[in-house]
Amino acid sequence: MILKLNKIHKQYPSADNTEAVKVLENLNLEIHQKETVAIIGQSGCGKSTLLSLIAGLDSPTTGEVILDGQSLQTMNEETLAKYRSKQIGIVFQRFHLMPHLTALENVSLPLELSRQRNSQQQAAQTLETMGLGHRKNHFPHQLSGGECQRVAIARALVIKPALLLADEPTGNLDEKTGEKLSDILFDMVESISMTLLLVTHNHSLAHRCQRKLQLRDGSLHETMD
Amino acid sequence: MRLWIKLAFKELRNNSRFSLFFILNLTLGLVGFIALDSFKISIHNHIQLSSKAFLAADLEVSSNQPLTLQQQTSLEASMGEVLQKTRQVSFLSMVASPQATRLVQIIGIEQGYPLYGKILLKDQIPATQDSLRNDLLNGPKVWVQPELLAALNTKQGEQLRVGELSPQITQQILESPGGSFWAAQIGYKLFMGLEQVEKTGLTKVGSRRKYIYLYKLPVNAPLKQIRKRLQTQIADQFGPNSSVAVKTHHDANQQTKRFLGYLNDYLGLVSLVALFLAGIGTAYLFRSYLVKKTKEIAILLSLGATKRETFQLVLLQIAFLGTASALLASALAILFLPLLSQVMQNFLPKDFQSVLSWQSILLALGMGTLGSVVFCLPVLVRIRNVKAQILFQENQMETNITGGFSKAALLSYCPILLIAWMLAVWQSHSWLVGSIFILSLLASFLILGVIGWSMLSIVGRYFSSSYLILRLSFRNLYRNRVSLLSSFLAIGIGALLINLIPQVQEGLQQEITQPESSSLPTFFFFDIQPEQVDPLQQFLEEQNHPLNNISPMIRARLSLINGGTYQDSHVHLGDTREQEETKRARNRAYNLSYRLELSADESIVEGRAFSGTFNMESDALPEISVEIRFAERLGVQLGDQLTFDVQGIPIEGKVVNLRKVQWTGFQPNFFILFQPGVLEQAPGTFLATLSQVTAQEKVSLQNKIIQKFANISIVDVSRVIQKVLDITHQISWALQVMALLAVFAGLIVVYSLSRFNAQSRQQEINLLKILGADFPDIRSMILLEFGMIGLLASAVGALLSLVISRLLSFFLFESLWNVTWSLTFATIFGISILSMATAYLGVRKTLRQNPNSLLQAV
Amino acid sequence: MKQSRRFHPPKLLFLLGILFLLNPFQLYGATKTTLLMLGDSLTAGYGVDKEQAFPFLLQKKFEMEGYQITVINGGISGSTSASALGRLKWYSRIQPNLLFLELGANDGLRGLSVESMKKNLGKAIQFAQAKGMRVILAGMKMPLNYGDTYTKQFETAFHELAEQYKIPIIPFLLEGVAGNPQLNLADGIHPTTEGHRIISQTIFKHLQPLVKK
């Protein structure tokens, strides 16, 4: 088991401080190694919150996130950051590349953050496998949306994370580019046997995952098609 | 760490256009600061030199008795380093030519005199130390003012009888240092060698003379402290009643002393304004930069960087940009400021030395480097709260980092405040000024913040217009209100600082400027007896020199205020003049005068004019007018009843007005005026002035008057007035120039802020363009938006500056203050236009660009 | 004189009349002396309190010795001999019977003509004598820096006047005070309180024979 979410509750104080807004309620999830899981749900149902908790960018009100056997709640900010830099890759809907770094520099950044050697070669290699070898010295604003997202995927995968989180990866792309990108994503995941947690409301994308879960009323429900 | 340095530079290099833009904006502000601050120091130095020329030294010690060498050495020990010293003896004496005898002021000097300023000889040739050595100090010789030759009916080359000596007149002196108003020219000056003076026998025990020891001290010597130290030492060593006195060049002339004091404080304010203008500009740029970086920080966090590391990255970048700008600014200043002053040569006073101040450059460097950390601390503290989860958000990501006011956020402002406060005190050389300045600036920040926030909120929420552009503008204002608030604050404070100096200047200028209506007197006549007024007037009429300002002067003691005794609050134990004043106050004897109309130099500040000549039949008290500052000193207010003992007879009157007197008019003015019809019977004398007497006529006229009216004392005040005016003109010029420069530097900062603002709207403009908005619409929208922010912020800022300038003038400039609406409106208007124009140019540039380059939402 | 009545200048003459009535001299006839001290800053007590200037000290001294006397301080700082006659006329309304004339020092300090000073003082003495006042003249000297000729001329002028009008003279008012830094203020010419005490003794010595007990 790579990821285990145990009785997660998450609530935010409301604007007028009277009643807390409950986003996640008694949410449980287990994901096994090399499993691909899709989470679908309406906008505003708490998908982002869930991803934040899993990435260790936010902490639950109660409950535990256990990644690779270790509880994130026991880690301090520093170890959490280290852990994140080695174990978790994230692909965002809006790409979120560093605007003033080239494609290659963007991809090598996480390697450098985790103090790995040969970051340049590894990054270049990863870009190559994503079919972007010829674009490695371009800046994000010189790339198309699909290319940007491919760079983002390369950046997430380059550290060979234990868990890949993808937040609506095709959401900002047109249909054709989106399909092409999901092909690439799943190819990569398969080829390196990656554990993937995908958040989307695109059903065709969700279909490509082994498991589909629906986030509703603050907790997850298995769905059948 | 190396990784972060590498990354920091990589980013800056890859984004070189922005880096350059940032650096240029910051450089502009810093160059403005260096120029303003340096020029301020140059002006200060220049006017200090003029003031030193008044005394011919930095510091003088004077005594009725010659000081022994031991006494001199012990006093000098308290002065710190003494660069140069020269001795002088001065006294009045009757000097005779074969034709006439006259009262003369004899000044014995030795090699080295004067330590500042110069002696100007016949044909405008300055006396050199060589000419002193070879001529005046070499044997029994004298140099005299040309008027004395005429008065004694003698010529250069002839001999005079001075005590037991018969020295030869070898030179004429047109100009020489020194010149307090009242000790002025009761006798014309005669210079002699100090050794020769001793031989005249006129300085023996039993004569009334003054030994003066002049000192030149290092430029930065703390004169006030040294004077204080010496005064205590003198009181210890010579007793409290001794004639030994210390004077700094500031004390040399009462009028210039006051004005120099004003100038000093004014320049201190200018420094503060310069510093804070640069500070506001820098802080704004740094903070905008940091806010832009929020998203990147979030990305780095999501990639597994720690917060500490991300802070390191942005701080490194900011520090680098700041340092680069500061270095560039310093280089530009060093290269171009001398060039600039060369170009301005014609507008600068003669002998003006413009210096490049290393202190200013160091300050600019400090601001560029350390400022980055200090100014950005509050933003950094807020960024601490930035959570990377914003990256997941499904809707348009907002980099809203205002957050609540946590304790940490408030604490983060403390270093800024503390450093700003320290800098303010340091720059203004005054705890009081620095503290007032910081406090009022802080209050202004709050007021601007509240007004700005409510305006932006109200405008966005409640104003909807069917007109698209208006609606868009209003909505923009509302939606961007967080970032707009900081530009609102920056422009508001900018306007405040810009308008502050001219406001302060205006009040001072009015005080210092010589009123045009009055012509400057050449002679003051004293001791005209009542029965002499008519004959003298008639006599001078015949000579075509009508007598002006004939003023009665009646000596009286102030015995009671409102029927009770009073305490004079003006008790200073300072230099001799102040001691004298205290004693005069103890004696409570004042010179009263009476006249119906105010003179051209006077204006009523409070109360009403005299009702006319005193009505014998009325039961009312006689009316009194009191000079306002004197009234403050006595603690007298409008409506108070003053009782004077006029030579044995008590006379009571009621204060009906407080008067302001423009003393630069050099007219006979009185602290206390009665309405006519009260004091006419009391024994008194008259004084009067005579104007526009040419140098040629001067002496012959004087001789004629002396022959006919032997008792009248005639004082030639033309030279002293000229000297005072020279300095006040320079001060007045300095006030104006500094005000102008401050406005200019301020506008530069506002320009660089607006430019930066306009640049940051690029993205949005492009979006609108792509959406198909009309170019004119976009332009109007931006103009409207920037115009609104500029107008409101500058209006609030300018109004606040009125309040602050009033406050400062109360503490610093004896409430010399005038509201000048025209100036205030010019500031508001100018800033609005500038901010709109800058925005317009920025928009035009963006509109011309290919939208594709900005199309991708990165 | 001491009560500070509200003063109405229109009624100046009227008030002066009251003053006459209130004046003990008027009430007690010839038994009381009114001494007018007409002078400059020395008499006015420049730089010291009114109660420490010699006119006030004299009043006290005479009272202690049992004399009935009113001393009027008619000193004006900076005044010259030219003002003597005008001021004397002002004071003659209260009919002083003894005049102490101390003017001329400022003439000398300003280097004015000694001749005209003599003339001015002479006129004042004549006027006083015509009004039946007895006059005592305060002799004055100039500091040495004014040169031999002038200082001598100046000093003798007073003695010549005394001789001409047959009046007593105090040869030098500042005897034992002038030139002594301990007895003079920082300006070197105005006496301290101690200086005033010495001066009052000098004057008392010369004045006593002229005042009736």
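Residues numbered from 1 in each chain as written. Chains lettered and ligands numbered in written order. Predicted model: local features only at pLDDT ≥ 70, side-chain atom pairs only at ≥ 80, totals over all residues. Heavy atoms only, no water.

Peer 1: Lay out the overall build of chain C with the relevant residues and their values.
Peer 2: Within chain C one finds 9 helices and 5 strands. Across the 213 residues of chain C, 59% fall into the buried class. Considering only intrachain contacts with a sequence separation of at least 6, the fraction spanning at least 24 residues in chain C is 74%. If you sum the accessible surface of chain C, you get close to 9000 Å²; carbon and sulfur atoms cover 55% of it. (Helix = DSSP H or I, 4+ residues; strand = E, 2+ residues; numbered from the N terminus. Buried < 20%, exposed > 50% of the residue type's maximum accessible area, 1.4 Å probe, protein only. Contact = heavy atoms within 4.5 Å. Areas by Shrake-Rupley, 256 points an atom, 1.4 Å probe, with all protein chains shown as cover.)

Peer 1: Describe the packing of aromatic side chains, listing the residues and the values that go with them.
Peer 2: Counted under the stated rule, the structure contains 20 aromatic pairs over all chains. When the centroid spacing of 4.8 Å and the interplanar angle of 55° are considered together, the rings of Phe62 of chain C and Phe204 of chain C count as tilted. Remark: Phe204 of chain C occurs in helix 9 (residues 193-207) and Phe62 of chain C occurs in helix 4 (residues 54-64); sequence separation between them is 142 residues. Among the aromatic residues, ring-to-ring pairing joins Tyr146, Tyr150, Phe154 and Phe158 of chain C into one connected group. Its guanidinium or amino end placed over the ring of Tyr116 of chain B, Lys216 of chain B lies 5.1 Å from that ring's centre, counting from NZ or CZ. Across from the ring centre of Phe204 of chain C, 5.2 Å away, lies the NZ or CZ of Lys61 of chain C, which sits over that ring. (Phe/Tyr/Trp six-rings, centres within 6.5 Å; stacked < 30°, edge-to-face > 60°. Lys NZ or Arg CZ within 6 Å of the ring centre and 35° of its normal.)

Peer 1: Mind laying out the interface of chain A and chain B, listing which residues take part and the relevant values?
Peer 2: In this assembly, 39 residues from chain A lie in contact with 35 residues from chain B. When chain A packs against chain B, the two sides together hide about 3400 Å² of surface, and 58% of this comes from carbon and sulfur. Taken together, the connections running from chain A to chain B amount to 2 salt bridges. Where Glu112 of chain A meets Lys6 of chain B, a salt bridge forms, and the shortest distance between an N and an O atom there is 3.5 Å. Connecting chain A to chain B are 4 residue pairs in polar contact (both at pLDDT 80 or more). Secondary-structure elements contributing two or more residues to the side of chain A that touches chain B are helix 1 (47-54), helix 2 (77-87) and helix 3 (103-113) of chain A. Here the residues of the side of chain A that touches chain B sort into 17 nonpolar, 11 polar and 11 charged. (Buried area = accessible area lost by both parts, 1.4 Å probe. Salt bridge = Lys/Arg side-chain N within 4 Å of Asp/Glu carboxyl O. Polar contact = N/O pair within 3.5 Å; in protein donor to acceptor, adjacent residues only side chain to side chain. Nonpolar A, V, L, I, M, F, W, Y, C, P; charged D, E, K, R; others polar.)

Peer 1: Outline the sheet that holds strand 2 (residues 69-75) of chain C, listing residues and values.
Peer 2: All names here are of chain C. In space, the 5 strands of this open sheet follow the order 2-1-3-4-5, with parallel pairing throughout. Two strands lie at the open edges of the sheet, namely strand 2 and strand 5 (169-170), each paired on one side alone. For strand 3 (residues 98-102) and strand 4 (residues 134-138), the ladder comprises 4 bridges, and the chain directions are parallel. Among the inter-strand pairings, Leu99 is bridged to a residue of strand 4, identified as Val135. In the packing of helix 4 onto the sheet, contacts are made with strand 1 (33-39), strand 2 and strand 3, and the angle to strand 2 comes to roughly 175°. Set on the sheet, helix 7 (residues 114-130) makes contact with strand 3 and strand 4; between it and strand 3 the angle comes to about 175°. (Pairing = 2+ DSSP bridges. Axes fitted to C-alpha atoms, helices over the stretch in contact; angles between N-to-C directions.)

Peer 1: Describe the nonpolar core, naming the residues involved and giving the relevant values.
Peer 2: General note: in soluble globular proteins, nonpolar side chains tend to be found buried as a group. Among the nonpolar cores identified, the biggest contains 180 residues, and Leu3 of chain A together with Tyr266, Leu269 and Phe276 of chain B are the most heavily contacted of them. Ranked by the residues each element gives to this core, the list is headed by helix 8 (residues 254-292) of chain B, at 22 residues. Lining this core are residues from two domains, each supplying at least three of them: domain 1 (2-48 + 259-513 + 726-850) and domain 3 (521-691) of chain B. Excluding its chain neighbours within four sequence positions, the residues that come into contact with Tyr266 of chain B are Ile501, Val504, Gln505, Leu508, Ala734, Leu735, Met738, Ala739 and Phe813 of chain B. Judged by nonpolar contacts, the second largest core, of 143 residues, contains Tyr590 of chain B together with Met140, Ala162 and Phe204 of chain C. (Core = buried A, V, L, I, M, F, W, Y, C linked by side-chain atoms within 4.5 Å. Domains from an automatic or database assignment.)

Peer 1: Would you mind going over the pairing of strand 8 (residues 196-199) of chain A in detail, with residue names and values included?
Peer 2: Residues and elements named next belong to chain A. In strand 8, alternate side chains face the same way, and those of Leu196 and Leu198 on one face and Leu197 and Val199 on the other are all buried. Sheet analysis places strand 3 (residues 36-40) next to strand 8, joined by 4 bridges and oriented parallel. By the bridge assignment, Ile39 is partnered in strand 8 with Val199. In this sheet, strand 8 lies alongside strand 7 (residues 163-167) in parallel orientation, the contact comprising 4 bridges. From the neighbouring strand, Leu165 faces strand 8, where its bridge partner is Leu197. Regarding the hand of the β-α-β motif, the stretch spanning strand 7, helix 6 (residues 175-191) and strand 8 is right-handed. (Right-handed = clockwise from strand over helix to strand, strands pointing away.)

In short, the description is geometric, and any link to function would need to be established separately.
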